[in-house]
Amino acid sequence: MPLDFAAVDFETAGPSSASACSVGVVTVEDGVVTDRVGWLIRPPAGHDVFSEWNIRIHGITPDRVVGAAEWASQLDDLLLAFGDLPVVAHNARFDMGVIRAACFATGTQTPALDYFCSLQIARSTYSLDSYRLPVAAMAAGFEDFPHHDALADAEACAAIVVHAARRHGASSVHELLAAVGSALTRLTPLDREPRPVVFA
């Protein structure tokens, strides 16, 4: 079974998990990057206030998303980018939380995704002072990328998974997760409004 997966990263407008303002997706097939896509997202009403803190980090301002598709309009494109692959993110709890919260906020059905976390993989693979994405990516040989650019972050996440798989002698996502004592998780819908989150 080949090392096939889709890496994703979201940037948010503010503390609301539903305030996705950009996304990047990198597809990996048999351990090789085969596609890279990314776009801006107009956050849903009530979650569309851009905080100065977030703008300072990712550089996305409200005027840049005015003409962008809203969450409900672009979810099909996101799922098309994922295909039927397992999805990975660095600190997947944050990125999967964005999908769940944005679906909840827009009354959109939460997709049934299987996902895993490259942060957990990095912690079981490298001995580092920090496991933040830029540090873990450097350990994987992926350096000098614009952190908090969603597409660049997704590619860094993918690089960690591919490098870690080689380190563990794993030829598939399932073998890699077994090697680090983890497993795929199924994304489930929210049943109530989420609390604000710290920017990730």
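Residues numbered from 1 in each chain as written. Predicted model: local features only at pLDDT ≥ 70, side-chain atom pairs only at ≥ 80, totals over all residues. Heavy atoms only, no water.

**Considering the sheet that holds strand 2 (residues 20-29)**
No. 1: Ordered in space as 3-2-1-4-5-6, the 6 strands form an open sheet in which the pairing is mixed. One side of each edge strand has no neighbouring strand; the edge strands of this open sheet are strand 3 (32-40) and strand 6 (185-186).
No. 2: Helix-sheet contacts for helix 2 (residues 71-82) involve strand 1 (5-12), strand 2, strand 3 and strand 4 (87-89), and the interaxial angle to strand 2 is about 15°.
No. 3: Running at roughly 35° to strand 2, helix 6 (residues 150-168) makes contact with strand 1, strand 2, strand 3, strand 4 and strand 5 (114-117) of the sheet. (Pairing = 2+ DSSP bridges. Helix = DSSP H or I, 4+ residues; strand = E, 2+ residues; numbered from the N terminus. Contact = heavy atoms within 4.5 Å. Axes fitted to C-alpha atoms, helices over the stretch in contact; angles between N-to-C directions.)

**Let's talk about the pattern of salt bridges**
No. 1: Across all of its chains, the model carries 3 salt bridges by this definition.
No. 2: Across the pair Glu155 and Arg36 runs a salt bridge whose closest N-O atoms are separated by 3.0 Å. In this pair, Glu155 is assigned in helix 6 and Arg36 in strand 3, connecting sequence segments 119 residues apart.
No. 3: In this structure Arg36 comes out as partly exposed when scored by relative accessible area, which is 44%. (Salt bridge = Lys/Arg side-chain N within 4 Å of Asp/Glu carboxyl O. Buried < 20%, exposed > 50% of the residue type's maximum accessible area, 1.4 Å probe, protein only.)

**Concerning helix 6**
No. 1: Taking 1.5 Å of rise per residue, 19 residues should cover 27 Å, and helix 6 covers 27 Å from first to last C-alpha, within 8% of that figure.
No. 2: Of all 19 residues in helix 6, 14 are buried; the element is thus mostly enclosed. (Expected span 1.5 Å × (residues − 1).)

**Here's the deal with the nonpolar core**
No. 1: Within the largest apolar cluster, 58 residues are counted, with the highest numbers of intra-cluster contacts made by Phe5, Val8, Phe10, Trp71, Phe82 and Ile99.
No. 2: Element by element, the count of residues in this core is highest for helix 6, at 10 residues.
No. 3: Not counting residues up to four positions away in its chain, the partners in contact with Trp71 are Phe10, Ala20, Ile41, Arg42, Leu78, Ile99, Ala102, Cys103, Thr106 and Thr108.
No. 4: Membership of the second largest hydrophobic core comes to 6 residues, among which are Ala13, Ile60, Val65 and Ala68. (Core = buried A, V, L, I, M, F, W, Y, C linked by side-chain atoms within 4.5 Å.)

Purely spatial values, then, with no claim about function.
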